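Close look at the chain arrangement
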Amino acid sequence: MLGVGRGLYYGPVESGNGPADSTQFEQVGEFQKTQSVLVDGGDRYGVSALTIDTSEELIWIGNQGGHVTSYYGANLEKYTSFQVVNNQEIRQILTFDDLILILSQTQLRGQIRRGIPVFTHASENFMDMQCMLQTSPTTVLFGGHQEYLVEYDVTQSMELRTAHVGESGCAILRNHGRYICVGQPSGHIQLLDPRTYVPEQAIEAHSGSLSDFDVHGNLLVTCGFSARHGNLSVDRFLKVYDLRVLRALAPIQISVDPFMLRFLPSFSSRIATVSPSGQMEISETQALTTSNIMLYQVTTSGSMCLAYDVSSSCHHMAFGDSAGYLHLFSSNPAAMFNSYSRETEFADPLPSLPPMNVTDEMACYASVALPLMHTPLLSEWPSEVLQPVYRKAPEVDRQILQSMKMVGTIGYAPNPGTYRRNQMQYKPNTGGQSHSIQSGMATSGTVSPFGHAKSFSPVPPYLSPNHLANNQGSYLYSGPGMKATVYTPKHHARPYYHGKFMIPKRYAKIDWKKSAFEESDMESFNRTQFSGLEAITANSYCNSMIQVLYHFEYLRGTLLNHLCKREACLSCELGFLFHMLDQSKSIPCSGSNFLRAFRVVPEASALGLILQESQSKKRSAFLRLIQSWNRFILHQIQTEVGKTEFDKKGSNGNSCRTTPNPIFPTADSVLKIFVMKQENTNRCTRCGREEKKESEVLLSNMSYSFAGGRHCEFVKILQKSISPEQTTPAWCDKCEKYQPTFQSRVPKALPPILSLNSCLDNSNDFLGWKNYMQSLLPDKSPPADISTEFPPKGQSPVAPPNVRSCRYGKNCMRPDCKFWHEGRQGPNKEGEPGKASEFDLNPEIQAKWLPKTIRIQIDESNQVSVSDIEEIAQMEDLNRDMVLKQRCADYELCGVVIFVRDAENEEKCNLVSIVHVDEPYFERAKQENNKSGWFLFNDFCVREVAESEAYSFNPKWKIPAVIFYRMKPLAAEFQRLETHQVITAEVFKEKEGIKNKKLAYKPLSPDELPKKGEPFCVAIDAEFVTLGQEETELRSDGKLATVKPQQLSVARVTCLRGQGQLEGTPFIDDYISTQEVVVDYLTKYSGIQPGDLDANFSSKYVTGLKSVYMKLRFLVDIGAKFVGHGLNNDFKVINLLVPQDQVLDTVNLFYLPNQRRMVSLKFLAWHFLGMIIQSETHDSVEDARTALALYRKYEELEKTGKLEEALIDLYEAGKKAQWQVPNECDKKVT
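Keep in mind that what you see is a predicted model, and the values were worked out from it rather than measured. (Residues numbered from 1 in each chain as written. Predicted model: local features only at pLDDT ≥ 70, side-chain atom pairs only at ≥ 80, totals over all residues. Heavy atoms only, no water.)

1. Some points on the overall build of the protein
On a plain count of helices and strands, the protein comes out with 25 helices and 61 strands. Out of the 1230 residues in the protein, the part that is buried amounts to 50%. Working note: accessible area of the protein is about 61500 Å², and carbon and sulfur atoms make up 49% of it. (Helix = DSSP H or I, 4+ residues; strand = E, 2+ residues; numbered from the N terminus. Buried < 20%, exposed > 50% of the residue type's maximum accessible area, 1.4 Å probe, protein only. Areas by Shrake-Rupley, 256 points an atom, 1.4 Å probe, with all protein chains shown as cover.)

As structure tokens, this is what we get:
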């Protein structure tokens, strides 16, 4: 043996199995053996498959008996163990992000890491499987000792296709960026095309058989056997191939019999080779001239080494042998398997029972948890000495009674949010009979004549009170009597309990469970005429800022008047979205097109503003994110719209059309409404050299560094933030070295609208602001409940509600452990210990921080002063000359973006905005009884709120993020801005790039271009592809609820002429490219094939979504009538708002009232037109032409008065045919 356990040897080696030379010496190696364990079933079966998890700190083991076991961490603690299949060995294990795939000889099993099975797949194509390879996020390729490979879709649980690889079959699969490498038992390696799985090249690696191979970068290294004299003999060298030129390189001579090999991920030039006897050699694939070799020995005790894997961090190697043992070698035992492993989910620790002294006469034995038993207990009183006493009905919440609607003898009321769904919790009467409370029993149940209770309702006899308190959160027991303590503020009718903090419903995150919005659904969310925004993706966090920007009249008009030819122009998309908000009444608008353009802006990605769907639940960073988004969007609009005159003169391909409306003659910025001119001064404190320069900023960041947590008045912070001063080392050209330099920044001209980032995402600044807000409260806060920190005598402390106990208990050595420990005082939610204030106990308690109106003045010596106008009794009038110079102004609060924090559930954090809506918006929305007011926008929930809601905050949950003040009074040019029609008939002009390209449609001629007011009919149909699958959950009542709606993207839009000589001829048939990953092309329903949306390869006319959107928007603006089938869904995905009087939907035209079923286009075409459509796939031209023919049929039936009779006949025929179209068209209907 070369070594025992571990070893590193330098110098010559006689042979891979023979004794080492006497001159060798042992040193501590790079890898050391750390653990060896006998896996489950190892006494009967050997290890056949081994994989180190790439997402978590787990090692997965499969044995020859079909059993799978996982081990956690470098200490190999058992995590899960389960049987997959009987009488078959586990061939390979593959880990996904949320799933593991386990392959046996004839079946595939999918299980989550906790051991719960998800699916089992077996088919006639799975005859003798051997290996698998992940080819995409959703597809896996399988191979075995059979002539074909099988491609399988994990999300759909179905086989997609098969690919022929020859009679030799497939034993090993490896992935390369250019090829799929298929290792065959015959010693050959085929290189397949990763898309078509067609063999492109073949490598004859070994003449006998292939043992193993691996691919890294451009190198392919193999080991195997050669055929010599009719027998197989092992090749004592590794063959190396360069996949760039498909040429063999010099082989690598090794000292062991190669059986398995792996590249080391952290060292691209090193490869580890393992022999059947457990010897391992690490070789260099490039520096072959070195005389040092590294050999290790796995103590397999004579058994054969069958499985081997290397962790992605290259710090660990795992080996499995035929004796059923798992061996772990580590270069650093404290290192992790992966560089960025996520936290592994463990089972909740069992609650510990409190100790009880048997000599304690006052001990409550009812606190001891008992198992659920079906036999009477010994303490059960006989029925003959008991009499029934009925429990008093609980008092109904007043808020429920006020909103209750009676239907007969049954009352219905919305859940106020304090109760669980379909459950009414019973609270024992704390002020009732004293003997019941003192004895720890509720005044309910069956009472004996001697005053003893038969059952302690509402606490079941098999549950301890501590268990009930920890799981429901409404009971906090203190003292032997277990009295339930409930804190209810007198000034608020809604109860709040210790340990259960509830954010007001109007601010809370709304979980929408439907995929569409209807007017009936919006009644409880929006009773105004203003529109909200749908929260469709993770990037919808910007909805609150979009609402604030929309309600700046000048900015709204500027963006509505802007139009350019850039595909991903956020200013254009904001203008389109603002137009929808103008036209929509209460129904929420979707910002899908804006978010689609936002996701492809490189600057947004570089700033970390784009969230992936996997980050949608990590909402605690929204406070920082929305402030960065505010700065980004203002600079982006300035960049896209600011160079109007220059672009018009250049008239290049990206020219913009914007109506110029200059406000200040010397200002070049379009966003002059936000621009603050500043003078920056740098003065060397040594030589006195001074430099001054002017700059423009669009917003200001608030600084709390001077306050120190004691003086966080808003006016003082604002004064220091817009005119900061500091001394810092800087380079002085005169002194020619770094010198202490005094730096200051003074405003030279105040902006019409002052935009401020609160910068409360810094923990130190937030703590100071929180202490200041608490100082504003009167000293009447009730003391914090300490029943969980200091338990009664004789009882052990238990974890507070909603806090998990540490599984290591008192032995935990981590000082920053986030779990609860007995006897350790942990931090509170804000990070510091302290008494709970009234902010922590009642979310409705808020303190005013923002002034309603402020005055900013800049005197002749450039000193800035900010004052609260309301606090000054006699305020002098503004100096008119200073106002004209923009050095003095009064400001009023006009909008604030608020971060709603849920400290107990990060997924419930939210962003809302409170905006002062002005008169022009009321006129456009036709909102009655008001000319201005404050409104809260929470995605699609819109409510009118009191003025104080915008000024007041609660540091527990309501934190200001972005603040906007505007001049009072605002200049007339900023109050209204006339808008005009920016989308004209020019969008239908034929582009130069397609003049010589054969089109599948006939564009509109100049004579056919429609004009506003003239009748124009369009038959339209659209096809879509899927960007994200729908996610649903099973509710407690057995119904499915939509957690995440399906994400669709428009892929093809077809418009046909609906009148004239060319009626039925398409004039738009555009395929729309997308830069996002398409999950499903829906070819059966859309007719879209993979590659149709790629402009580089598609034979179709592929264009951008913006080009098609402008054409449709032009048709909507001129009043065109749209004919189609299911147009509401089409327009929703296109993100186009079309008035209902312009929509002629055959779904509604051929609908019989009081019928649930909407008739499909295919059945309507068969019944009324005698046509069979959509036989194999859908075609938008065919569907649009059919809808147009059905509309003509509808006009004919309506004209002859036979429409109602035809509809009745339609539904009768549908019921008879079960709404299925026959294979051959029935000619009786024409």
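Now that the structure has been shown, we can carry on.
2. With respect to the nonpolar core
Ranked by size, the top nonpolar core spans 153 residues in total, and within it Tyr 541, Trp 629, Trp 849 and Leu 1115 carry the most contacts. Residue contributions to this core peak at 10 residues, all from helix α10 (residues 622–641). By size, the runner-up hydrophobic cluster in this structure holds 25 residues, among which are Leu 1144, Leu 1203, Leu 1210 and Tyr 1211. (Core = buried A, V, L, I, M, F, W, Y, C linked by side-chain atoms within 4.5 Å.)

3. What to know about the packing of helix α6 (residues 553–560) against helix α7 (residues 570–583)
Between α6 and α7, the least distance of the axes is 8 Å, while the angle of their chain directions is 115°. Classified by the angle between their axes, α6 and α7 sit roughly perpendicular to one another. Classified by chirality, the crossing of α7 by α6 is left-handed. Here Arg 556, Leu 559 and Leu 560 of α6 come into contact with α7, specifically with Ser 571, Leu 574, Gly 575, Phe 578, His 579 and Asp 582. (Axes fitted to C-alpha atoms, helices over the stretch in contact; angles between N-to-C directions. Parallel < 35°, antiparallel > 145°, perpendicular 65-115°, else oblique. Left-handed = near helix turned anticlockwise from the far one by under 90°. Contact = heavy atoms within 4.5 Å.)

4. Examining the pattern of salt bridges
Where side chains of opposite charge bring their charged atoms close, a pairing between them can arise. Taken as a whole and judged by the stated rule, the model has 38 salt bridges. For the salt bridge of Glu 56 with Arg 342, the shortest nitrogen-to-oxygen distance reads 3.0 Å. Taken together, the positions of Glu 56 in the loop between β2 (47–52) and β3 (58–63) and Arg 342 in the loop between β30 (325–330) and β31 (387–388) put the pair 286 residues apart, joining distant regions of the chain. Note that Arg 924 is salt-bridged to Asp 582, the shortest N-O span being 3.7 Å. Here Arg 924 is found in helix α16 (residues 919–925), whereas its partner Asp 582 is found in helix α7, with 342 residues between them in sequence. A relative accessible area of 10% means that Asp 582 is categorised as buried. Taken together, the shared-partner salt bridges connect Arg 174, Asp 212, Asp 214 and Arg 262 into one network. (Salt bridge = Lys/Arg side-chain N within 4 Å of Asp/Glu carboxyl O.)

5. Some details on the confidence of the model for the protein
Per-residue pLDDT for the protein averages 79, and the proportion of residues at 70 or more is 79%. The spread of mean pLDDT over the elements of the protein runs between strand β35 (residues 477–478), the lowest at 28, and β3, the highest at 96. Throughout residues 1–28 the model reports pLDDT below 50, and contacts reaching past four residues in sequence, or to other chains, amount to 63 contacts. Considering only residues more than four positions removed or in separate chains, one finds that residues 1224–1230, a stretch of pLDDT under 50, has 12 contacts. (pLDDT = per-residue confidence, 0-100.)

6. Side note on the UniProt feature "binding site: a divalent metal cation" (unreviewed entry) in the protein
The feature "binding site: a divalent metal cation" (unreviewed entry), as annotated in UniProt, sits at Asp 1021, Glu 1023, Asp 1130 and Asp 1183 in this numbering. Separation in sequence by 163 residues is not matched in space for these annotated residues, since their most distant C-alpha atoms are only 12.9 Å apart. Within the secondary structure, Asp 1021 is located in strand β54 (residues 1017–1028). Residues within four places of Asp 1021 in sequence aside, it is in contact with Arg 1052, Val 1053, Thr 1054, Asp 1130, Ser 1180, Asp 1183 and Ala 1184. Relative to the helices and strands, Glu 1023 is located in strand β54. Note on Glu 1023: relative accessible area 5%, which makes it buried. Not counting the four nearest positions on each side in its chain, Glu 1023 is found in contact with Ser 1049, Val 1050, Ala 1051, Arg 1052, Tyr 1085, Ser 1086, Ile 1088, His 1178, Asp 1179, Ser 1180 and Asp 1183. (UniProt positions renumbered as here; feature names shortened; annotations may be inferred.)

7. What to know about the sheet that holds strand β58 (residues 1066–1072)
Strand order in this open sheet of six strands is β59-β58-β57-β54-β60-β61, and the pairing throughout is mixed. Strands with a single pairing partner mark the edges of an open sheet, and in this sheet they are β59 (1102–1103) and β61 (1143–1145). Relative to β59, β58 is paired through two bridges, and the arrangement is parallel. Considered in β59, the bridge of Tyr 1071 is made with Val 1102. (Pairing = 2+ DSSP bridges.)

8. Some thoughts on the environment of Leu 911
Positionally, Leu 911 belongs in strand β49 (residues 910–917). Under the relative-accessibility criterion, Leu 911 is labelled buried at 5%. Between the C-alpha atoms of Leu 911 and Phe 622, which are 289 residues apart in sequence, the distance is 7.3 Å. Leave out the neighbours within four places in its chain, and Leu 911 touches Tyr 541, Ser 544, Phe 622, Ile 626, Val 897, Ile 898, Phe 899 and Asn 938.

9. Details of the packing of aromatic side chains
Counting across every chain of the model gives 40 aromatic pairs. Between Phe 594 and Trp 629, the ring centres sit 6.4 Å apart and the planes meet at 75°, which makes this aromatic pair edge-to-face. Separated by 35 residues along the polypeptide, Phe 594 in helix α8 (residues 592–599) and Trp 629 in helix α10 bring together distant segments of the chain. By the burial criterion, Phe 594 is buried, and Trp 629 matches it. (Phe/Tyr/Trp six-rings, centres within 6.5 Å; stacked < 30°, edge-to-face > 60°.)

10. Let's talk about the side chain of Thr 139
Here Thr 139 is to be found in strand β11 (residues 139–144). Of the polar contacts made by the side chain of Thr 139, one reaches the side chain of Thr 135; its length is 2.8 Å. Residues contacting Thr 139, with those up to four places away along its chain left out, are Gln 134, Glu 151, Tyr 152, Asp 153 and Leu 160. (Polar contact = N/O pair within 3.5 Å; in protein donor to acceptor, adjacent residues only side chain to side chain.)

11. A word on helix α23 (residues 1161–1169)
Most of α23 sits out of view: seven of its nine residues are buried. Along α23, the residues that are buried comprise Leu 1161, Phe 1163, Leu 1164, Ala 1165, Trp 1166, His 1167 and Phe 1168. Along its buried surface, α23 packs onto α22 (1146–1149), α24 (1180–1200) and α25 (1203–1216). Residue Gly 1170 follows α23 closely and has a positive phi angle near 65°.

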